[in-house]
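Given next are the chains, with one letter for each unit.
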Amino acid sequence: MKERNKKVSIPVFWISVVALALTSGCENYLDREPLSDYLSSNFYNNEGAIRQGANGVYQRLKMDHASSSSIPLSVLWDMYTPFGIERADNTSIGVGNVDLRSNFTNEQTWAILYTSIARCNTVLDGAAPFYDQLNDNAKIYLAEIKTLRAHFYIQLVSLYGDVPYFPIGVTAEQLRSVERTPWNEVVDLIIADLDAAVAVLPWTALEWGRVDKSVALGLKSRIALYAGSWAKFGYGKDGATDDAKAEAYFRHAETAAKRVMDESGRSLANNFNDLFTRAGQLKADAKSETMLFMMFSDFGSKSTHYLSLGEQVRMIGQSGRFPTQQLVDTYEMANGKRIDEPGSGYDPKKPFDNRDPRLKYSIYTHHDTIIGNTGSNKQKFLMELYKPKTKAWDAEGNEREVDNADYAGAVAQYGYVQSGVGFAWKKYNHFDDEASATPTYNILIMRYAEILLNYAEAKIELGEMDATVVNAVDQVRTRVGMPGILTVDPSRNGDEAKMRQIVRRERKVEFSRESLHFFDMRRWRIGDLQNAEPTYGYPLASGVNAAQGIYPDGYEQVTPDMVPSYGPAGSERDLNDIASYQAYASKLRVRDRDRMWDDKLYLWPIPQTERNKAPWLTQNAGYGE
């Protein structure tokens with residue numbers, strides 16, 4: 001190992017924020033003393049102190065949400081893909097025309113992740129001299145911290161590629177020579193850390209919400225799958241490949257996922273919706289599926305977040321993030337066929353009928369009934385794209401006509417009609433059980449469905465498309481009532497391209513809004529295809545005459561030819577289910593006309609603020625020197 005790999009993983013800027021890494025989170029000793037006092041006073045020499053240190057690390061999973069409008073930064077990542085958009089037209093990171101070198105989100109993400117790693121290293125370093133005399137529980141807490149540190153590094157290497165990676169605390173002398181470690185070395189170090197944690201962790205965590213063996217293995221399967229894809233399909237701007245490394249990493253991903261499937265006792269929740277509501281998450285079967293998450297109400301001091309506050313319709317709250325047509329048209333018909341396939345039954349006038357149930361579980365569409373809950377006022381109302389009035393029902397079921405704040409009025413310019421493209425997020429935002437402005441549901445980071453699809457994808461990329469692959473994918477589909485993949489199309493059996501297509505499709509629709517597609521799009525190297533067109537949405541209505549009160553429904557004016565194209569059969573667009581709307585774009589709501597793609601965007605740049613302080617940190621290709 002090179003000398004630099006004995007140093008720390010924190011760039012120069014983080015000398016000044018090591019103390020800050022110890023000041024947020026739940027109430028514990030970490031909030032009271034500076035780092036030097038912990039290490040000099042032999043603080044981490046017993047189970048109680050180490051448990052307190054671990055609790056502080058768990059708080060870091062929230063990505064400093066209290067400093068980011070109470071929204072964990074990581075939940076925004078899918079908004080940086082064509083599956084999600086933010087409020088402002090043509091100005092999101094996802095559009096591709098933002099200078100990320102000086103972008104605040106980029107700078108803050110780097111800062112949060114390295115500060116989190118600093119907290120991990122503080123506890124691990126402090127406990128190291130006493131490890132042999134610690135009891136089993138203390139060693140489990142240290143393995144939990146090592147697993148969470150791996151999670152933070154997974155995000156860093158996935159975002160930036162080569163990053164500084166060092167397993168111990170910081171000194172000023174070491175910082176003077178810190179360098180970026182090649183991404184594949186970082187991945188190998190992450191895997192080694194996770195293997196060490198797996199050897200210590202139990203299958204059943206000491207408390208709900210803590211890391212167990214399945215989480216460490218799940219993270220191993222995730223980073224190995226990512227690394228296998230980077231090696232197979234191309235890494236960074238230049239798209240370098242390495243088939244041997246790809247095979248090795250896919251094997252790691254397959255074996256880690258298989259252990260969870262065979263030994264953990266975990267299973268899918270009975271009800272998909274339960275995974276995303278506070279009441280549902282407390283059910284035993286939902287707990288079995290949810291593996292790693294940001295806990296907001298039952299761990300440490302109770303806290304809330306504003307994730308849903310910015311994803312509601314203007315009728316009941318605020319709106320700043322929306323789903324897109326490209327995502328909607330990735331969901332199959334209920335019979336398992338893509339909407340453009342013969343025999344699918346797709347009707348462009350009624351595009352949301354008879355679809356994969358996960359569409360309506362995840363996204364609100366035209367004429368859906370939305371539940372709004374402010375805590376003191378719960379009501380239902382009709383989602384209406386084309387009229388200044390809509391229907392609403394109070395708690396007793398009394399119907400009345402109300403002003404449609406998403407269509408017209410002081411705040412309509414920020415709603416899903418004028419700012420979005422006709423859709424709103426339903427996943428996480430179905431409020432039967434708590435107030436929408438201060439929800440306490442947990443935000444998921446990993447669940448068992450991902451393990452099943454990680455396994456299936458790794459096996460497919462290894463060319464091992466046996467019955468276990470089909471079974472893994474079908475388990476995810478069966479939970480929501482979708483037909484088996486070979487029942488729908490027997491020709492998939494043994495066909496690598498078609499099996500790759502279906503497992504990718506499943507990841508897109510199963511995990512929409514869960515911040516995985518941002519990394520999937522990059523590792524599958526489909527950024528150019530997905531970003532080739534502007535953001536499209538609902539069909540525009542013609543013949544509107546406000547003076548006469550005439551407001552036609554745009555969907556009723558749709559013609560039979562308004563079905564998206566997925567490219568020639570067997571093309572990359574076809575096999576990645578990427579819809580194109582060019583043939584009838586003039587009839588649709590359009591946003592982000594300046595959307596573009598450059599292959600440099602497969603990696604974010606090292607923030608310029610960091611390179612100003614540490615000029616020996618090289619920059620990623622395409623971002624200049």
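Every residue gets a number counted from 1 within its own chain, in the order that chain's sequence is written. Only residues with pLDDT of 70 or above have their local features reported here, since the model is predicted, and side-chain atom pairs are shown and tallied only from 80 upward, although totals for entire chains, interfaces and linings are computed over all residues. The side-chain numbers reported here are obtained from all heavy atoms of the structure, hydrogens and water having been left aside.

Novice: Teacher, can you tell me more about the packing of aromatic side chains here?
Specialist: The geometry of an aromatic ring pair is captured by the separation of the ring centres together with the interplanar angle, meaning the angle of the planes. Stacked, edge-to-face and tilted are the three classes for Phe, Tyr and Trp ring pairs, Trp counted by its six-membered ring, which pair at centre distances within 6.5 Å; planes under 30 degrees apart are stacked, over 60 edge-to-face, the rest tilted. Enumeration according to the criterion identifies 29 aromatic pairs in this entry. Between Trp110 and Tyr160, the ring centres sit 4.9 Å apart and the planes meet at 85°, which makes this aromatic pair edge-to-face. Here the residue Trp110 occupies a position in helix α3 (residues 104-127), and Tyr160 occupies one in helix α4 (residues 136-160), the gap between them amounting to 50 residues. Accessibility classification places Trp110 together with Tyr160 in one group, the buried group. Consider the rings of Tyr581 and Tyr584, whose centres lie 6.3 Å apart with planes at 85°: the pair is edge-to-face. Take Tyr581 and Tyr584: they sit in the same class, and that class is buried. Sitting above the plane of the Trp203 ring, Lys213 keeps its charged end 5.8 Å from the centroid. Whether a charge lies above a ring is judged from NZ of Lys or CZ of Arg, which has to be within 6 Å of the ring centre and within 35 degrees of the ring normal. Over the ring of Trp425 we find Arg513; its NZ or CZ atom is 5.8 Å from the centre of that ring. Numbering goes from the N terminus for both helices and strands, where a helix is a DSSP run of H or I of at least four residues and a strand is a run of E of at least two. For every residue, the accessible area obtained with a 1.4 Å probe (protein chains only) is divided by the maximum for its type, and the residue is called buried under 20%, exposed over 50%, and partly exposed between those limits.

Novice: Could you clarify how one ought to interpret the packing of α4 against helix α7 (residues 213-233) in this entry?
Specialist: The relative placement of two packed helices comes down to the angle between their axes together with the axis-to-axis distance. Axis definition: a line fitted to C-alpha atoms, limited for helices to the stretch in contact. Angles are taken between N-to-C directions and run from 0 to 180 degrees. Look at α4 against α7: their axes get within 10 Å of each other, and the N-to-C directions meet at 20°. Looking at the two axes, α4 sits roughly parallel to α7. Of the two possible hands of crossing, α4 and α7 adopt the one that is left-handed. Side by side, α4 and α7 meet where Thr147, His151, Ile154, Val157 and Ser158 of the first sit next to Val215, Ala216, Leu219, Arg222, Ile223, Tyr226 and Trp230 of the second. A class-by-class count of the residues in the contact of α4 with α7 yields 8 nonpolar, 3 polar and 1 charged. Here is the rule for angles: anything less than 35 degrees is roughly parallel, anything more than 145 is roughly antiparallel, 65 through 115 is roughly perpendicular, and the remaining ranges are oblique. Left-handed describes a crossing whose near helix is turned anticlockwise from the far helix through less than a right angle; right-handed describes the clockwise counterpart. Residue contacts are counted whenever heavy atoms from the two residues lie within 4.5 Å of one another. Three categories are distinguished: nonpolar for Ala, Val, Leu, Ile, Met, Phe, Trp, Tyr, Cys and Pro, charged for Asp, Glu, Lys and Arg, and polar for the others, with Gly belonging to the last.

Novice: Mind showing me how you'd approach unusual backbone geometry here?
Specialist: Glycine aside, residues mostly have negative phi angles, and peptide bonds mostly take the trans form. Within the chain, Asn354 stands out as a residue other than glycine whose phi angle is a positive 55°. Within the secondary structure layout, Asn354 lies in the loop between α11 (325-328) and α12 (357-362). For Arg513, which is not a glycine, the phi torsion comes out positive at approximately 75°. Checked against the element boundaries, Arg513 lands in the loop between α16 (496-510) and α17 (517-523).

Novice: Would you explain the confidence of the model for the chain in this entry?
Specialist: One rule of thumb: low pLDDT means the predicted coordinates there are not for detailed reading. When pLDDT is averaged along the chain, the result is 90, and 91% of the positions lie at 70 or above. On a scale of 0 to 100, pLDDT captures the predictor's confidence in every residue. Mean pLDDT in the chain bottoms out at helix α1 (residues 35-40), which sits at 46, and peaks at helix α13 (residues 448-461), which reaches 99. Predicted confidence is poor over residues 1-37, with pLDDT under 50, and the contacts of this stretch with residues over four places away or in other chains come to 105 contacts.

Novice: Would you take a moment to explain the sheet that holds strand β6 (residues 378-382) for this structure?
Specialist: Within a sheet, neighbouring strands are paired by backbone hydrogen bonds and run either parallel or antiparallel to one another. Here, strands pair whenever DSSP counts at least two bridges between them. Ordered in space as β5-β6-β7-β8, the 4 strands form an open sheet in which the pairing is antiparallel. Strands with a single pairing partner mark the edges of an open sheet, and in this sheet they are β5 (369-373) and β8 (399-403). Pairwise comparison of adjacent strand axes, ignoring direction, gives a mean angle of 35° for this sheet. Bridge count for strand β7 (residues 389-393) against β8 is 5 bridges, and the pairing is antiparallel.

Novice: Would you take a moment to explain helix α14 (residues 467-478) for this structure?
Specialist: Along an α-helix, residues three or four positions apart point the same way, because every turn accommodates 3.6 residues. Between its first and last C-alpha atoms α14 spans 16 Å; for 12 residues at 1.5 Å apiece the expected length is 16 Å, and the two agree. Where α14 is concerned, the buried positions are Val469, Val470, Ala472, Val473, Asp474, Val476 and Arg477. Where α14 is buried, its residues meet α8 (243-263), α12, α13, α15 (485-488) and α16. Multiplying 1.5 Å by the helix residue count minus one yields the expected span of that helix.

Novice: Teacher, can you tell me more about the nonpolar core here?
Specialist: The tendency in soluble globular proteins is for nonpolar side chains to be buried as a group. Residues Leu156, Trp183, Ile190, Ile223, Trp230, Leu292 and Trp604 are the most contacted members of the largest nonpolar core, which totals 161 residues. In terms of residue count, the dominant contributor to this core is α4 (15 residues). Residues contacting Ile223, with those up to four places away along its chain left out, are Ile154, Val157, Val187, Ile190, Ile191 and Trp230. Buried residues of nine kinds, namely Ala, Val, Leu, Ile, Met, Phe, Trp, Tyr and Cys, make up a nonpolar core once their side-chain atoms join them within 4.5 Å. Listed in part, the 13 residues of the second largest apolar core include Met333, Tyr346, Tyr566 and Val590.

Novice: Any chance you could explain the pairing of β7 here in plain terms?
Specialist: Side-chain direction in a regular strand flips from residue to residue, so the side chains alternate between the two faces of the sheet. Taken together, the 2 bridges between β6 and β7 define a ladder with antiparallel strand orientation. Bridged to Lys380 within β7 is Trp393. In this antiparallel pair of consecutive strands, β6 and β7, the connection spans 6 residues. Where β7 hands over to β8, the hairpin turn is made up of 5 residues, of which Gly397 adopts a positive phi near 90°.

Novice: How should I be thinking about the side chain of Arg210 in this particular structure?
Specialist: As for its position among the elements, Arg210 is in the loop between α6 (183-198) and α7. By relative accessible area, which is 3% here, Arg210 ends up buried. Of the polar contacts made by the side chain of Arg210, one reaches the side chain of Asn55; its length is 3.1 Å. Polar contact is the term for a pair of N or O atoms within 3.5 Å; when the atoms are in protein, one must be able to donate a hydrogen and the other to accept it, and sequence-neighboring residues count only if both atoms are side-chain atoms.

Novice: Can you walk me through the side chain of Thr440 in this structure?
Specialist: Tracing the backbone shows Thr440 in the loop between β9 (424-425) and β10 (443-447). Judged by relative accessible area, Thr440 falls into the buried class, the value being 10%. A distance of 2.8 Å separates a polar atom in the side chain of Thr440 from a polar atom in the side chain of Glu434.

Novice: Hey, could you run me through the pattern of salt bridges in this one?
Specialist: Proximity of charged atoms lets side chains of opposite charge pair with each other. One side-chain nitrogen of Lys or Arg within 4 Å of one carboxyl oxygen of Asp or Glu is enough to make a salt bridge. Counting across every chain of the model gives 49 salt bridges. Between Arg513 and Glu311 there is a salt bridge; the shortest N-O distance is 2.2 Å. With Arg513 in the loop between α16 and α17 and Glu311 in the loop between β2 (290-294) and β3 (321-323), this pair connects stretches of sequence that are 202 residues apart. Take Arg513: its relative accessible area is 2%, and that puts it in the buried class. On the basis of relative accessible area, Glu311 is assigned to the buried category, the value being 2%.

Novice: Would you mind showing me how to read the environment of Arg355 here?
Specialist: By secondary structure assignment, the location of Arg355 is in the loop between α11 and α12. By relative accessible area, which is 6% here, Arg355 ends up buried. Sequence separation between Arg355 and Val328 is 27 residues, and the spatial gap between their C-alpha atoms is 9.9 Å. Ignoring any residue separated from it by four or fewer positions in sequence, one finds Arg355 in contact with Val328, Asp329, Tyr331, Glu332, Met333, Ala334, Ile339 and Tyr346. A polar atom in the side chain of Arg355 sits 2.8 Å from the backbone oxygen of Val328.

Novice: Even after reading the chapter, I still don't get the packing of α6 against α8, so can you show me in this structure?
Specialist: The interhelical angle for the contact between α6 and α8, taken along N-to-C directions, is 25°, at an axis separation of 13 Å. With respect to α8, the element α6 is oriented roughly parallel. In this structure, the crossing between α6 and α8 has a hand that is left-handed. In this structure, α6 uses Trp183, Asn184, Val187, Asp188, Ile191 and Val198 to contact α8, whose residues at the interface are Lys245, Tyr249, His252 and Arg259. Residues that form the contact of α6 with α8 fall into these classes: 5 nonpolar, 2 polar and 3 charged.

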